[in-house]
Amino acid sequence: MRELLFYFVTWLCLTEMETMATGKEYTELFNKCKEKYGLSKEEAVKSLIAVIKEKYLEDERKRCFIVCTEEGEGYLKDGRLDEDHIVHDVSNTSAEHDCKLNEEKFRTDVKKCAMKGGDGKCEAAYNSYTCLVHLLLNLNDYKEDDVKEN
């Protein structure tokens with residue numbers, strides 16, 4: 001149970017950017033999406049954890065639940081990654097933590113994620129979003145070096 005809680009909290013931290021939903025708003029969004037796709041609270045939380053662990057969700061309802069929450073958060077728009085919103089939020093959040101993001105490199109990889117396909121809106125959007133999560137879990141790869149060698 002502690003591992004479940006750890007991954008859920010980690011996921012919430014990853015998605016809690018400055019323009020995103022507050023805790024109360026996210027709870028409402030979470031509940032709306034889980035009800036829309038007929039998931040129990042445990043199934044919904046485990047679905048979020050699966051995304052962080054980069055495990056594919058076989059159940060279409062669970063993929064659609066993830067898409068629903070991320071559309072509500074602003075990462076997905078009409079089933080596609082909102083590249084400008086993502087780069088803007090990640091860049092601002094990085095700057096708040098005194099870390100300069102290599103926006104060009106990050107945007108290029110976000111665009112690659114946006115091109116992920118799949119059968120139907122939920123699978124394609126889910127595949128794009130899980131690709132984005134992988135980028136977010138590896139943000140150090142997009143950090144600009146402060147010290148330049150001569």
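One can find the structure itself at the top, above this paragraph.
Residues numbered from 1 in each chain as written. Predicted model: local features only at pLDDT ≥ 70, side-chain atom pairs only at ≥ 80, totals over all residues. Heavy atoms only, no water.

## Concerning the packing of aromatic side chains
Thinking step 1. All told, the structure shown has five aromatic pairs when counted by the stated rule.
Thinking step 2. Here the aromatic rings of Phe30 and Phe65 are separated by 5.6 Å at their centres, their planes lie at 85°, and the arrangement is edge-to-face. In this pair, Phe30 is assigned in helix H2 (residues 23–36) and Phe65 in helix H4 (residues 60–73), connecting sequence segments 35 residues apart. Accessibility classification places Phe30 together with Phe65 in one group, the buried group.
Thinking step 3. A cation over an aromatic ring shows up here: Lys105 above the ring of Tyr142, its NZ or CZ 5.4 Å from the ring centre. (Phe/Tyr/Trp six-rings, centres within 6.5 Å; stacked < 30°, edge-to-face > 60°. Helix = DSSP H or I, 4+ residues; strand = E, 2+ residues; numbered from the N terminus. Buried < 20%, exposed > 50% of the residue type's maximum accessible area, 1.4 Å probe, protein only. Lys NZ or Arg CZ within 6 Å of the ring centre and 35° of its normal.)

## Re the pattern of salt bridges
Two side chains that carry opposite charge are able to pair once their charged atoms sit near each other.
Thinking step 1. Counted according to the given criterion, the structure contains six salt bridges.
Thinking step 2. Ionic pairing is found between Glu43 and Arg61, a salt bridge with its closest N-O pair at 3.7 Å. Remark: Arg61 occurs in helix H4 and Glu43 occurs in helix H3 (residues 41–52); sequence separation between them is 18 residues.
Thinking step 3. Its relative accessible area of 32% is what places Arg61 among the partly exposed residues. (Salt bridge = Lys/Arg side-chain N within 4 Å of Asp/Glu carboxyl O.)

## What to know about helix H6 (residues 103–114)
Thinking step 1. Compared with the 16 Å implied by 1.5 Å per residue over twelve residues, the 16 Å span of H6 between its first and last C-alpha is a close match.
Thinking step 2. For H6, the full list of buried residues reads Phe106, Asp109, Val110, Cys113 and Ala114. One side of H6 holds all its buried residues, which, seen down the axis, span an arc of 150°. The exposed set on the far side of H6, more than 90 degrees from its buried face, consists of Glu104 and Lys112. (Expected span 1.5 Å × (residues − 1). Arc of directions from axis to C-beta.)

## As for the nonpolar core
Thinking step 1. Phe65, Ile66, Leu81, Ile86, Phe106, Tyr129 and Leu132 are the most contacted members of the largest nonpolar core, which totals 36 residues.
Thinking step 2. Setting aside residues no more than four positions away along its own chain, Leu81 makes contact with Tyr75, Leu76, Ile86, Val110, Cys113, Ala114, Ser128, Tyr129 and Leu132. (Core = buried A, V, L, I, M, F, W, Y, C linked by side-chain atoms within 4.5 Å. Contact = heavy atoms within 4.5 Å.)

Nothing here speaks to function; it is all geometry.
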